[in-house]
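These are the residues of each chain, in order.
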Amino acid sequence: NAGVTQTPKFQVLKTGQSMTLQCAQDMNHEYMSWYRQDPGMGLRLIHYSVGAGITDQGEVPNGYNVSRSTTEDFPLRLLSAAPSQTSVYFCASSSHPRVSNSPLHFGNGTRLTVT
Amino acid sequence: KQEVTQIPAALSVPEGENLVLNCSFTDSAIYNLQWFRQDPGKGLTSLLLIQSSQREQTSGRLNASLDKSSGRSTLYIAASQPGDSATYLCALANAGGTSYGKLTFGQGTILTVHP
């Protein structure tokens, strides 16, 4: 059982470049989300989705776009990379949050460096 | 806005000791509270989930409690082992207002268990 799969594991970008971080889950989860983790800042929610075709902003959405065309996939796009976006990015999924006994499953993360 | 605080930020104990990690929160309108473990360079693994209506959950040497009235949760680890060394994070699934469905994380407690 693959769980939540993130690619790539590592990425280096130059300022102004764009790229897409991939996230896929095989658990038929409705809820998917993207977090960034920075030293001293903890985990911060970027965008989330409660089902195919539905997305919403989290705490730090600026500079990022998402779409949810299928239940399985939730890619995160960096439109024009900036050094402030250097971080570790985690994708996570679960059943709908209203299902109160549904734990969140995390991918192994993408470590992004913007120079 | 939900705020989550974890104390202590770091803890170092000898092997075999029982220990308690603390998590406090400001908004009791939650679906659940989860405790996660994160090893260096890895994603987060869900350890225990306590639903809003529950008081505690147990898994092996781990016991988590929830007191919504006081805005507190504790993670108790019995007979600690060097393999328990990791960062432990708590997270709340918010049920109220604009935070609906979003998880808010604490900054974590870095635990070191030395032989």
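Since this is a predicted model, take the numbers as computed values, not measurements.

Draft legend 1. Fine view of the overall build of chain A. Scanning chain A for helices and strands turns up 0 helices and 11 strands. Moving toward the C terminus, one meets the helices and strands of chain A in the order β-β-β-β-β-β-β-β-β-β-β. A compact globule built from 115 residues should have a C-alpha radius of gyration of about 13 Å, and chain A, at 13 Å, falls within 12% of that. Seen through its principal axes, chain A has C-alpha atoms that stretch 40 × 30 × 25 Å. The buried share among the 115 residues of chain A stands at 49%. Sequence separation of at least 24 residues holds for 53% of the intrachain contacts in chain A that already meet a minimum separation of 6. With an accessible surface of roughly 5200 Å², chain A has 48% of that area assigned to carbon and sulfur atoms.

Draft legend 2. Examining the interface of chain B and chain A more closely. Tallying the contact residues gives 20 residues for chain B and 24 residues for chain A. For the pair chain B and chain A, the summed buried area comes to about 1800 Å², and 55% of that belongs to carbon and sulfur atoms. Remark: the boundary between chain B and chain A carries 0 salt bridges. Counting across the chain B and chain A interface gives 2 residue pairs in polar contact (both at pLDDT 80 or more). Looking at the side of chain B that touches chain A, the elements that each hand over two or more residues are β4 (30–38), β5 (44–51) and β10 (103–105) of chain B. Among the elements that take part in the side of chain B that touches chain A, β4(B) stands out by supplying 5 residues, more than any other. Among the residues forming the side of chain B that touches chain A, the class breakdown is 8 nonpolar, 9 polar and 3 charged.

Draft legend 3. Spatial organisation of the sheet that holds strand β8 (residues 72–77) of chain B. Residue and element names in this part refer to chain B. Read from one edge of the open sheet, 5 strands run β1-β3-β8-β7-β6, paired in antiparallel fashion. Lying at the two open borders of the sheet, with one neighbouring strand each, are β1 (4–7) and β6 (56–59). Direction aside, the axes of adjacent strands within the sheet are offset by 15 degrees on average. Pairing of β1 with strand β3 (residues 19–25), which is carried by 4 bridges, proceeds in the antiparallel orientation. In the sheet register, Q6 faces β3, and the bridge partner there is C23.

Draft legend 4. Region of the structure containing the pairing of strand β5 (residues 42–51) of chain A. Residue and element names in this part refer to chain A. With 9 of 10 residues buried, β5 lies mostly within the body of the structure. Pairing geometry for strand β4 (residues 31–38) and β5, over 7 bridges, is antiparallel. Among the inter-strand pairings, S33 is bridged to a residue of β5, identified as Y48. Taking the residues between adjacent antiparallel strands as the criterion, β4 and β5 are bridged by 3 residues, where G40 takes a positive phi near 80 degrees. Connecting β5 to the antiparallel partner strand β6 (residues 54–57) that follows it, the hairpin turn spans 2 residues, and G53 within it adopts a positive phi of roughly 85 degrees.

Draft legend 5. Summary view of the pattern of salt bridges. Residue and element names in this part refer to chain A. One pass over the structure, following the stated rule, counts 4 salt bridges over all chains. Between R36 and D38 there is a salt bridge; the shortest N-O distance is 2.9 Å. The burial state of R36 is the same as that of D38; both residues are buried. Across the salt bridge formed by D38 and R44, the nearest N and O atoms sit 2.9 Å from each other. For the pair D38 and R44, one class covers both residues: buried. Here the residues in one salt-bridge network are R36, D38 and R44, joined through shared partners.

Draft legend 6. Summary view of the sheet that holds strand β7 (residues 64–66) of chain A. Residues and elements named next belong to chain A. Strand order across the open sheet formed by 4 strands is β1-β3-β8-β7, with antiparallel pairing between neighbours. The sheet is open, and its two borders are formed by β1 (4–7) and β7, each paired with just one other strand. Pairwise comparison of adjacent strand axes, ignoring direction, gives a mean angle of 20 degrees for this sheet. As defined by bridge partners, β7 adjoins strand β8 (residues 76–78) across 3 bridges and the pair is classed as antiparallel. Its bridge partner being in β8, N65 is matched across the sheet by R77.

What counts and what doesn't
- Residues numbered from 1 in each chain as written.
- Chains lettered and ligands numbered in written order.
- Predicted model: local features only at pLDDT ≥ 70, side-chain atom pairs only at ≥ 80, totals over all residues.
- Heavy atoms only, no water.
- Helix = DSSP H or I, 4+ residues; strand = E, 2+ residues; numbered from the N terminus.
- Rg over C-alpha atoms; globule rule 2.2 N^0.38 Å.
- Buried < 20%, exposed > 50% of the residue type's maximum accessible area, 1.4 Å probe, protein only.
- Contact = heavy atoms within 4.5 Å.
- Areas by Shrake-Rupley, 256 points an atom, 1.4 Å probe, with all protein chains shown as cover.
- Buried area = accessible area lost by both parts, 1.4 Å probe.
- Salt bridge = Lys/Arg side-chain N within 4 Å of Asp/Glu carboxyl O.
- Polar contact = N/O pair within 3.5 Å; in protein donor to acceptor, adjacent residues only side chain to side chain.
- Nonpolar A, V, L, I, M, F, W, Y, C, P; charged D, E, K, R; others polar.
- Pairing = 2+ DSSP bridges.
- Axes fitted to C-alpha atoms, helices over the stretch in contact; angles between N-to-C directions.

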